[in-house]
Amino acid sequence: MNESINVITKNTRMKCQFVTRKVNSIWETLIANTASRDQPGRIGFPVIAGDRGVRLRAVVIAAVIAFPQLSAISAQVSLTDEFKLKDVAQSASLSFQHNSPFTPERHLHLTMGSGVAWIDLDQDSWPDVCFGQGTPWNGDPEESSKLELRDQVFRNRNGSFTDVTAECGILNTQYSMGFAVGDFDNDGFSDLSISCFGRPRLYRNNGDGTFEDSSRQLSGDPWTVSASCTWTDADLDGLLDLYITNYLGIDSQSYAVCSQTYRGNSIEIPCPPRRYEWPVDTLYRNVGDGCFVDVSKEARLTHSSPSAGLGVITNDFNDDHAPDLYVANDTTANFLLINVGPGQFTDQATAGGVAYNRTGEAEAGMGVTSGDVDGDGRLDIFVANYYGESNTLYRNEGHGLFLDVTSEFGLAAPSRTRLAFGTLLCDFNNDSWLDLFIANGHLTDRLAEAGMQIPFRQKCQLLLNDSGRFFKEVSATSGTYFSREVLGRGCAVADFDLDGDPDVAVQHLNDPAALLQNDGGHQNHSVTIKLIGKNRNRDAIGSTVEIQTAGRSIMRQRDGSSSYLSCNDGWLVIGVGQTEQAMSVRLKWADGITKTNSDIQHGRRICIVEGNKEAGENRVLEIPK
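Structural notes, computed from the coordinates. (Residues numbered from 1 in each chain as written. Predicted model: local features only at pLDDT ≥ 70, side-chain atom pairs only at ≥ 80, totals over all residues. Heavy atoms only, no water.)

### Some words on the overall build of the chain
Definition in use: Helical segments are the DSSP runs of H or I of at least four residues, strand segments are the runs of E of at least two, and each set is numbered from the N terminus. The classification of residues rests on relative accessible area computed with a 1.4 Å probe and restricted to protein chains. Under 20% of the type maximum is buried, over 50% is exposed, and intermediate values are partly exposed. Whether two residues touch is decided by their heavy atoms; if any such pair falls within 4.5 Å, the residues are in contact. For the accessible areas, the method is Shrake-Rupley and the probe is 1.4 Å, while residue cover comes only from the protein chains on display.
Assigned secondary structure in the chain consists of six helices and 38 strands. Counting the 625 residues in the chain, one finds 63% classified as buried. Partitioning the intrachain contacts of the chain with sequence separation of at least 6 by distance along the chain shows that 62% fall at a separation of at least 24. Per element, the accessible surface of the chain, about 22700 Å² overall, is 49% carbon and sulfur.

### A look at the sheet that holds strand 8 (residues 198–205)
Note the cut-off: Paired strands, as defined in this entry, are two strands with at least two bridges between them according to DSSP. Every axis in this analysis is a line fitted to C-alpha atoms, fitted for helices over the stretch in contact. Angles between the N-to-C directions lie between 0 and 180 degrees.
Spatially, four strands are ordered 6-7-8-9 in an open sheet, and the strand pairing comes out antiparallel. Each end of this open sheet is capped by a strand with a single partner; those strands are strand 6 (176–182) and strand 9 (211–213). Strand-to-strand twist across the sheet, computed as the mean angle between neighbouring axes with direction ignored, equals 20°.

### Let's talk about the sheet that holds strand 4 (residues 152–157)
Taken together, the four strands give an open sheet; going across it, the order is 2-3-4-5, and neighbouring strands pair in antiparallel fashion. Both outer strands of the open sheet, strand 2 (116–119) and strand 5 (160–163), are each paired with one neighbouring strand and no more. Strand-to-strand twist in this sheet, taken as the mean axis angle between neighbours without regard to direction, amounts to 25°. Strand direction decides the pairing type here: strand 2 and strand 3 (residues 128–131), joined by four bridges, are antiparallel.

### Points about the side chain of Asp503
To be explicit about the condition: We treat Lys and Arg as the positive residues and Asp and Glu as the negative residues; His and chain ends play no part in the count. Think of a salt bridge as a Lys or Arg side-chain nitrogen and an Asp or Glu carboxyl oxygen that are within 4 Å of each other. We define a polar contact as two N or O atoms separated by no more than 3.5 Å, with the added condition that, inside protein, one atom must be a possible hydrogen donor and the other a possible acceptor, whereas residues neighbouring each other in sequence contribute only through side-chain atom pairs.
Along the polypeptide, Asp503 turns up in strand 29 (residues 503–508). Put simply, Asp503 is tucked away with no salt bridge, and the nearest opposite charge, on Arg605, sits 9.2 Å away. At 2.7 Å, the side chain of Asp503 forms a polar contact with the backbone nitrogen of Asn518. With residues up to four places along the chain from it excluded, the contact list for Asp503 reads Ala492, Val493, Ala494, Asp495, Phe496, Asp497, Leu516, Gln517 and Asn518.

### A look at the layout of surface pockets
Heads up, the condition is: A 1.4 Å probe that fits but cannot get out identifies a cavity on a 1 Å grid over protein atoms alone, an open set with protein on both sides within 12 Å along at least five of seven lines counts as a pocket, and a residue lines either if it has an atom within 4 Å of a point. Grid points are joined across faces, edges and corners, and a volume is the space filled by probe spheres set on the points. Residue classes follow a fixed rule: Ala, Val, Leu, Ile, Met, Phe, Trp, Tyr, Cys and Pro count as nonpolar, while Asp, Glu, Lys and Arg count as charged, and any other residue, Gly among them, counts as polar.
For the second largest pocket, the calculated volume is near 430 Å³. Asp316, Asp319, Gly542, Thr544 and Lys588 are, among the 28 residues lining the second largest pocket, the residues nearest its centre. Broken down by secondary-structure element, the contributors of at least two residues to the lining of the second largest pocket are strand 16 (309–315), strand 32 (544–548) and strand 35 (583–588). Top element by residues in the lining of the second largest pocket is strand 32. It accounts for three residues. Looking at side-chain class alone, the lining of the second largest pocket contains 10 nonpolar, 10 polar and eight charged residues.

### Things to note about the nonpolar core
The test is simple: Buried Ala, Val, Leu, Ile, Met, Phe, Trp, Tyr and Cys residues form a nonpolar core when they are joined through side-chain atoms within 4.5 Å.
Met112, Phe197, Tyr247, Ile250 and Tyr276 are the most contacted members of the largest nonpolar core, which totals 36 residues. Listed by contribution, the elements that provide at least two residues to this core are strand 10 (224–232), strand 11 (241–249) and strand 13 (265–269). Tyr276 has contacts with Leu108, Leu248, Gly249, Ile250, Tyr255, Ala256 and Cys271, leaving out every residue within four places of it along the chain. Core analysis: the next-biggest nonpolar cluster, separate from the first, contains 20 residues, Leu85, Val474, Tyr481 and Val493 among them.

### Overview of the environment of Gln90
By secondary structure assignment, the location of Gln90 is in the loop between strand 1 (85–87) and strand 2. Note on Gln90: relative accessible area 77%, which makes it exposed. Separated by 422 residues in the primary sequence, Gln90 and Pro512 have C-alpha atoms spaced 9.7 Å apart.

### Concerning the state of the cysteines
Going by this rule: Put simply, a disulfide is two cysteine sulfurs that come within 2.5 Å.
Considering all chains together, one arrives at one disulfide under this definition. For Cys258, the disulfide goes to Cys271, at an S-S distance of 2.1 Å. Across the S-S bond linking Cys258 and Cys271, the dihedral sits near 110°, which makes this disulfide right-handed. In this pair, Cys258 is assigned in strand 12 (residues 258–262) and Cys271 in the loop between strand 13 and strand 14 (282–288), connecting sequence segments 13 residues apart. For the pair Cys258 and Cys271, one class covers both residues: buried. Cys229 provides the cysteine sulfur closest to Cys196, a residue in no disulfide bond, and the two sulfurs are 8.8 Å apart.

### Some words on empty space enclosed by the protein
Per the stated rule, a full pass over the model turns up eight cavities of 30 Å³ or more. Quantified by volume, the largest cavity comes out at close to 380 Å³. Mapped onto the lining of the largest cavity, the elements with two or more residues apiece are strand 20 (368–371), strand 24 (420–426), strand 28 (488–494), strand 33 (553–557) and strand 34 (572–577). Here the residues of the lining of the largest cavity sort into 12 nonpolar, nine polar and six charged. Taken as a whole, the second largest cavity holds about 220 Å³ of empty space. Lining the second largest cavity are 20 residues, and of these Ser190, Lys530, Asp539, Arg558 and Gly570 lie nearest its centre. At the level of secondary structure, the elements contributing two or more residues to the lining of the second largest cavity comprise strand 2 and strand 31 (525–532). The element that contributes the greatest number of residues to the lining of the second largest cavity is strand 31, accounting for three residues. Broken down by class, the residue content of the lining of the second largest cavity amounts to eight nonpolar, five polar and seven charged.

### Quick word on the pattern of salt bridges
Counting across every chain of the model gives 19 salt bridges. Among the salt bridges present, the one from Asp376 reaches Arg378, with a minimum N-O distance of 3.3 Å. On the basis of relative accessibility, which here comes to 31%, the residue Asp376 falls in the partly exposed class. Two residues, Arg586 and Glu546, come together in a salt bridge whose shortest N-O distance is 3.5 Å.

### A few points about the packing of aromatic side chains
Note the threshold: Note on ring pairs: Phe, Tyr and Trp rings are taken, using the six-membered ring of Trp, and paired if centres are within 6.5 Å. Classes follow the plane angle, with under 30 degrees stacked, over 60 edge-to-face and the rest tilted.
The final tally for this structure, using the stated rule, is 18 aromatic pairs. Measuring from ring centre to ring centre gives 5.3 Å for Phe184 and Phe292, while their planes differ by 75°; the resulting arrangement is edge-to-face. Taken as a pair, Phe184 in the loop between strand 6 and strand 7 (191–196) and Phe292 in strand 15 (residues 291–294) lie far apart in primary sequence, 108 residues in all. Judged by relative accessible area, Phe184 falls into the buried class, the value being 1%. When the centroid spacing of 6.1 Å and the interplanar angle of 65° are considered together, the rings of Phe437 and Phe482 count as edge-to-face. Of the two residues, Phe437 is situated in strand 25 (residues 435–440) and Phe482 in the loop between strand 27 (471–473) and strand 28; the sequence distance between them amounts to 45 residues.

### Points about the side chain of Thr528
Mapped onto the secondary structure, Thr528 falls in strand 31. Setting aside chain neighbours within four positions, we find Thr528 in contact with Trp571, Leu572, Val573, Arg604, Arg605 and Ile606.

### Some points on unusual backbone geometry
The backbone phi angle of Leu498 is positive, close to 55°, even though this residue is not glycine. Among the secondary structure elements, Leu498 is positioned in the loop between strand 28 and strand 29. Residue Leu498 is classed as buried on the basis of its relative accessible area of 8%. Even without glycine at this site, Leu565 takes up a positive phi of about 65°. Position of Leu565 among the secondary structure elements: in the loop between strand 33 and strand 34. Residue Leu565 is classed as buried on the basis of its relative accessible area, which comes to 0%.

Encoded structure:
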C-alpha cells in the first residue's frame with residue numbers, strides 16, 4: 001500500500017509542478033497588468049475581476065479536478081510528530097509593548113516596526129533579549145526621541161525574564177529599527193548595534209552585564225531611516241565591521257505623504273518607497289580600539305544603484321573564504337555583494353540569479369534568511385515579500401549561481417495573500433531539515449475604507465520541510481498563536497529554556513511581543529553548539545558547522561543577523577533526527593580553515609574553540625545546562 005501511494009505521490013508531484021508553473025505564469029501576467037507597489041494608487045493586492053478573474057479561477061479549479069491525488073501529497077509529507085509553538089510571554093514575565101502610533105498622514109516609517117535581538121548579556125549561557133521601541137512622530141526625529149520611550153532589555157534566569165533596561169545602560173530613545181549582536185572588540189562579551197530613524201547606536205559590553213554607549217564612533221544622518229544591520233569581517237582583519245541598510249532619506253522640510261481617492265473620499269496611506277530619496281547603505285570599518293570609520297565609498301557600495309534596503313545577511317555565498325552580503329530591497333532589484341578584495345564589493349545579483357524573481361520582476365523584499373534547505377551543503381536564500389507577490393526561495397546551484405525554486409518547493413501559493421516581514425529558516429522539530437517561520441502583517445490600516453478586502457492584521461505561518469523537497473504549511477495545527485491576526489514584524493530564534501529545541505521571539509507593531517516556546521521536537525535529538533574563533537573574529541561569524549550522522553550530512557552557519565531587523569542567538573541548535581550514534585563535527589572557520597572533531601553525542605551543549613592556524617586542534621568544552 002505504501003509503495004503504491006509513494007508512486008502516486010511521485011508522479012503527482014511531477015504533474016503538479018507543471019500545473020503550478022502554468023498557474024504561476026497566468027498569475028504573474030495578471031499582476032504585471034495591474035498597479036505595482038511603487039505606484040501610489042496601490043495599497044494592497046490588485047483586484048482581479050471580470051474575465052481575467054474567471055480565467056484564473058477556471059485554471060485553479062481545473063487543476064484540482066484533474067489531479068485529485070493532491071490530497072495524497074499532503075498526507076504523505078513527512079512531519080515526524082505534531083508539535084506546538086505556544087506564546088508564553090506573559091507567564092515568562094516578558095512584558096514588552098511596541099509603540100508606533102500612526103499619524104493622520106500615515107507617515108511611512110511608523111508602519112515598518114522594529115526588531116528583536118537575542119544577546120547573552122553576562123555570558124551565563126541563558127539568552128537574554130532586547131526589543132526595539134518606536135516613538136510617536138512630531139515632525140523631527142531628534143525631538144521625537146525626547147519622549148522617553150526606550151528599547152527594553154530583559155535578563156533571562158531559568159526561562160523567566162526581568163526588565164534590566166535601566167541598570168544595563170542600553171538607553172536608546174530613538175525610533176529603533178534593526179539589531180545586530182557581535183563582539184566587535186574580541187573581549188568575549190557580546191556588543192550591540194542598533195539602526196534607527198537617525199544616527200545609529202553602538203553599545204559596548206563592559207563584561208558585567210552593563211554597557212557603555214559608544215555611539216559617537218558611528219556617523220550618520222539624523223533624517224535617514226535605516227533598517228537591518230549585520231556584523232561581518234569585511235576586510236578579513238579579525239575585527240567585525242558593521243553594515244547598515246538605509247531605507248529612506250527623508251526631506252527635513254517636507255516628509256512625503258500620499259493619499260488615494262475612493263468613492264469621492266481622500267484616504268491617507270503610507271507612500272511607496274519611490275517617493276523618497278534612497279541613501280547608499282553604510283559600511284563602518286572597525287579599525288580597533290573601539291573606533292569605526294565609514295568606508296562605504298572605498299568598499300564600492302556607491303557603485304550599486306540606490307535602493308530602499310530592508311533586510312541583510314552575510315555569508316560566503318561563492319565559497320572563496322571571504323564574507324559576502326545579500327540585501328533585500330523594497331521594489332527594486334536585490335543586491336548580492338560579492339567580496340572581491342579585502343573589504344571591496346561588487347554587486348553580482350543579476351548574474352547570480354537573485355536580483356529578481358523567476359519572471360524577471362523586482363519584488364518588494366522585506367526580511368531575508370539563509371540556510372541549506374535541500375541538504376546539498378550550500379546556503380540557499382529566502383526572501384519575504386509584499387502582498388500579492390510570492391515570497392522567494394533561491395536555491396544555491398554553486399559557483400555563485402542561484403535558481404528561483406519557490407513554486408517547486410510549495411512556497412508560492414501560501415504567501416501571495418500575506419505581507420511578510422520577519423522570516424526564519426530553523427529546524428523546529430529537530431528532524432535535521434530547516435523549516436520556515438514567517439511573521440506577517442500589512443502596512444496599511446485603511447484597506448477596508450479603500451474598498452479592499454485585505455486584512456490589515458494577518459496570521460503568521462509555519463511551514464515544515466519535507467526532506468529538502470517540499471514545504472507544507474502546518475500553521476493550523478501548530479498552536480493557537482497561528483490563529484491570531486497580528487502585525488508581525490521582526491522575529492529571532494533562541495533556545496531560551498535550554499531544552500534543546502528552538503523558540504521564537506516575535507515583534508508586533510503597536511502590540512505586545514510574543515515569545516513562542518517550542519513544546520515539540522523532543523521526539524528527535526539535537527546538539528547545541530557555540531563557536532569561539534581565535535584566528536579571525538571571536539564570534540566566528542561566517543563559519544559553518546557540518547555534522548555527519550549515520551544518515552546524512554547537516555550543515556548550519558553562524559550568522560551576523562537575520563530575518564527582518566533582528567538577530568538570532570549565537571548558540572546553534574542543530575537537530576539530528578533519531579540519531580543515537582556518536583557524530584563527527586566538521587568546522588569550516590571564517591578564514592576557510594577546516595578541522596574535524598569526532599565522538600560528539602546528541603543532547604549536549606558544547607563550545608568549540610578554534611585551534612591554532614598552523615596545526616592546533618579545536619577544543620571541545622561541554623557546558624552544563
